[in-house]
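The chain contents come next:
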Amino acid sequence: MFDEVLGLPAHPLIIHFAVVLTPLLVAVALAYTLMARRRQLLAWAVVLLSLAAPVAVFAAKESGESLKATRFGSVDAAIGARISTHQSFANPLLLSTLGLAVAALLLVYATSPSRNSIGSDRFGRPVTLALSAVTVLLALAAGYYVFRAGDSGARAVWGV
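Predicted model, so just to flag it, every value in this text is computed and none were measured.

How each quantity is defined
- For every chain, the first residue of the written sequence is number 1, and numbering continues from 1 onward in sequence order.
- Owing to the predicted nature of the model, reporting of local features is limited to residues with pLDDT of at least 70; listing and counting of side-chain atom pairs is limited to 80 or more, with chain, interface and lining totals taken over all residues.
- Each side-chain value is worked out from all heavy atoms of the structure, with water and hydrogens disregarded.
- Per the convention used, a helix needs a DSSP run of H or I reaching at least four residues, while a strand needs a run of E reaching at least two, with both numbered from the N terminus.
- Contact definition: two residues touch when any of their heavy atoms are within 4.5 Å.
- For the area figures, the Shrake-Rupley method with a 1.4 Å probe applies, and any residue is considered shielded solely by the protein chains shown.
- Only four residue types enter the tally: Lys and Arg on the positive side, Asp and Glu on the negative side; His and the chain ends are excluded.
- To locate a charge, take atom NZ for lysine, CZ for arginine, CG for aspartate or CD for glutamate.
- Only protein chains enter the accessibility calculation, which uses a 1.4 Å probe. A residue is then buried if its area is under 20% of the maximum for its type, exposed if over 50%, and partly exposed in between.
- Surface patches are defined over residues having more than 30% relative accessible area and no salt bridge, joining like charges when they lie within 9 Å and nonpolar side chains (Val, Leu, Ile, Met, Phe, Trp, Tyr) when within 5 Å.
- The rule for a salt bridge is simple: a side-chain nitrogen of Lys or Arg has to be within 4 Å of a carboxyl oxygen of Asp or Glu.
- Using a grid of 1 Å spacing that covers the protein atoms alone, one calls a set of points a cavity when a 1.4 Å probe fits there but cannot get out, and a pocket when the set is open and has protein on both sides within 12 Å along at least five of seven lines; lining residues are those with an atom within 4 Å of a point.
- Grid points are joined across faces, edges and corners, and a volume is the space filled by probe spheres set on the points.
- Gly is put with the polar residues, along with every residue not named as nonpolar or charged; the nonpolar set is Ala, Val, Leu, Ile, Met, Phe, Trp, Tyr, Cys and Pro, and the charged set is Asp, Glu, Lys and Arg.

J.: Explain the overall build of the protein chain to me, and be specific about the residues and the numbers.
T.: Helices and strands together make up the secondary structure of the protein chain, namely five helices and two strands. When the helices and strands of the protein chain are read in sequence order from the N terminus, they spell out β-β-α-α-α-α-α. Each principal axis of the C-alpha atoms in the protein chain carries an extent, and together these give about 60 × 30 × 20 Å. At a minimum sequence separation of 6, the contacts of the protein chain that also span at least 24 residues come to 76%. Accessible surface, the protein chain as shown: approximately 9,400 Å² in total, 70% of it carbon and sulfur. Across the protein chain, the 12 positively charged side chains and the 7 negatively charged ones have centroids separated by 16 Å.

Spelled out as structure tokens, the structure:
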């Protein structure tokens, strides 16, 4: 399933979704967390990106594993080391993106107005502050890992 798209290797095509959606999720989640007055405008983007970015990262990870198995099973030590370095960022990227998505969705739910109390947090201020802190930390982690995965992938391909 993750091997080819119209006869082309799927990984170089699929990674573009992860490379675009993950930084967008990071940016929008940070904006939602830090700009309380803009939350109503940003909530829909946080929800959509929280659903799409982890799926894109998962598809990129799976297609990368497929590409390595089918086309790079036996390579010289230099390119093998670069591919291994690139591959080492897949799981941390997936986990940090998934964690960010969950934290951001919980934050949107916690800060959205409830029927009983308009304008206040659903779970109280301490819970909202804790969710905000977790969201910021996970956004930083996801941003770091998407950069490292992309950079190491480019270095693996271009030999830089």
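On we go.
J.: So what's going on with the environment of Val28? Which residues, and what values?
T.: The topology assignment puts Val28 in helix H1 (residues 10-34). Judged by its relative accessible area of 14%, Val28 is buried. Taking the C-alpha atoms as reference points, Val28 and Leu94, separated by 66 residues in sequence, lie 18 Å from one another. Excluding residues within four positions of it along the chain, Val28 makes contact with Leu42, Ala45, Val46 and Leu49.

J.: Just give me the short version of a nonpolar patch on the surface, but keep the residues and values in it.
T.: On the surface, Val5, Leu6, Leu8 and Leu13 cluster together to form a nonpolar patch covering roughly 400 Å² of accessible area. Of note, Leu6 is situated in the loop between strand S1 (4-5) and strand S2 (8-9). Since its relative accessible area comes to 85%, Leu6 is described here as exposed.

J.: Now, about the layout of surface pockets: what can you tell me, with residues and values included?
T.: The calculated volume of the largest pocket comes to roughly 790 Å³. Considering the residues around the largest pocket, the lining is formed by 30 residues, among which His11, Ile15, His86, Ala149 and Gly153 are closest to the centre. Looking at the lining of the largest pocket, the elements that each hand over two or more residues are H1, helix H2 (39-71), helix H3 (77-87), helix H4 (90-111) and helix H5 (125-158). For the lining of the largest pocket, the leading source of residues is H5, giving eight residues. Considering only residue class, the lining of the largest pocket consists of 19 nonpolar, eight polar and three charged. Within this model, the second largest pocket holds a volume of roughly 170 Å³. Forming the boundary of the second largest pocket are Tyr32, Ala36, Arg39, Gln40, Ala43, Thr111, Ser112, Pro113 and Asp121. The element that contributes the greatest number of residues to the lining of the second largest pocket is H2, accounting for three residues. Taken together, the residues of the lining of the second largest pocket sort by class into four nonpolar, three polar and two charged.

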